[in-house]
Amino acid sequence: MKIKEINVITGEITERNATPEEVKQMQDLEQQLPAQRHVPQVITNRQFRLMLINMGVDLQLITDEINKLPEPYKQQAWVSWEYAPTFERGNEMVQQLADRLGIDANILDTIFVEGERL
């Protein structure tokens, strides 16, 4: 394993082999870091709605937010909300609804992670 060192005075960058102790320290640190969770990119409409209900979101709020949109976006969002078989994590409508409901990226990830288990 290589380690890059930067001389803060000169800005010179050097590279050297890590000592066995340094390798062990890095491995120990990696084990302490929380594992990145797998966030599904798609869940079913049912899973998405059930997760919102589980989080205490009244689904009428979604309808209210959709109704505030200008045409033709309102009709497009309505069709997606009512008839899409799945919801995609990166979908613009999902992002916008989450923003309007005060759902941040971490909570949205949780909806998709936990929703996949339903």
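### Re the overall build of the protein
Phase 1: Scanning the protein from N- to C-terminus turns up 6 helices and 4 strands.
Phase 2: From first element to last, N terminus to C terminus, the protein shows the α and β order β-β-α-β-α-α-α-β-α-α.
Phase 3: Along the three orthogonal principal directions, the C-alpha set of the protein runs to about 60 × 35 × 20 Å.
Phase 4: Counting all 118 residues of the protein, 28% fall into the buried class.
Phase 5: If you take every contact in the protein between residues at least 6 apart in sequence, the share linking residues at least 24 apart comes to 57%.
Phase 6: Carbon and sulfur atoms provide 53% of the accessible area of the protein, an area that totals close to 8500 Å².

### Concerning the packing of aromatic side chains
Ring pairs (aromatic) are described by centroid distance and by the angle formed between their planes.
Phase 1: Counted under the stated rule, the structure contains 4 aromatic pairs.
Phase 2: Ring centres 5.9 Å apart and planes at 50° place the aromatic pair tryptophan 81 and phenylalanine 87 in the tilted group.
Phase 3: With a relative accessible area of 1%, tryptophan 81 lands in the buried category.
Phase 4: For phenylalanine 87, a relative accessible area of 3% puts it in the buried group.
Phase 5: Ring-pair connections join several aromatic residues into one group, and the members of that group are Phe48, Trp81, Phe87 and Phe112.
Phase 6: The ring of tryptophan 81 is capped by arginine 49, whose NZ or CZ atom sits 3.9 Å from the centre of that ring.

### Description of the environment of arginine 117
Phase 1: With respect to the helices, strands and loops of the structure, arginine 117 is situated in the segment after α6 (105-115).
Phase 2: Once the C-alpha coordinates of arginine 117 and glutamine 47 are considered, the two residues, 70 residues apart in sequence, prove to be 8.4 Å apart.
Phase 3: Within the local environment of arginine 117, its side chain forms a polar contact with the side chain of glutamate 114, the two groups lying 2.8 Å apart.

### Overview of the side chain of glutamate 65
Phase 1: Tracing the chain through its elements places glutamate 65 in helix α3 (residues 59-67).
Phase 2: Taking the relative accessible area as the measure of exposure, glutamate 65 reaches 12% and is therefore buried.
Phase 3: Polar contacts involving the side chain of glutamate 65 include one to the side chain of lysine 68, which spans 3.1 Å.
Phase 4: Beyond its immediate stretch of four places on either side in the chain, glutamate 65 contacts Leu97, Arg100 and Leu101.

### A word on the environment of glutamate 12
Phase 1: Tracing the backbone shows glutamate 12 in the loop between β1 (2-6) and β2 (13-17).
Phase 2: Not counting residues up to four positions away in its chain, the partners in contact with glutamate 12 are Glu5, Ile6 and Asn7.

Conventions we followed
Residues numbered from 1 in each chain as written. Predicted model: local features only at pLDDT ≥ 70, side-chain atom pairs only at ≥ 80, totals over all residues. Heavy atoms only, no water. Helix = DSSP H or I, 4+ residues; strand = E, 2+ residues; numbered from the N terminus. Buried < 20%, exposed > 50% of the residue type's maximum accessible area, 1.4 Å probe, protein only. Contact = heavy atoms within 4.5 Å. Areas by Shrake-Rupley, 256 points an atom, 1.4 Å probe, with all protein chains shown as cover. Phe/Tyr/Trp six-rings, centres within 6.5 Å; stacked < 30°, edge-to-face > 60°. Lys NZ or Arg CZ within 6 Å of the ring centre and 35° of its normal. Polar contact = N/O pair within 3.5 Å; in protein donor to acceptor, adjacent residues only side chain to side chain.

Distances and angles like these do not, on their own, reveal function.
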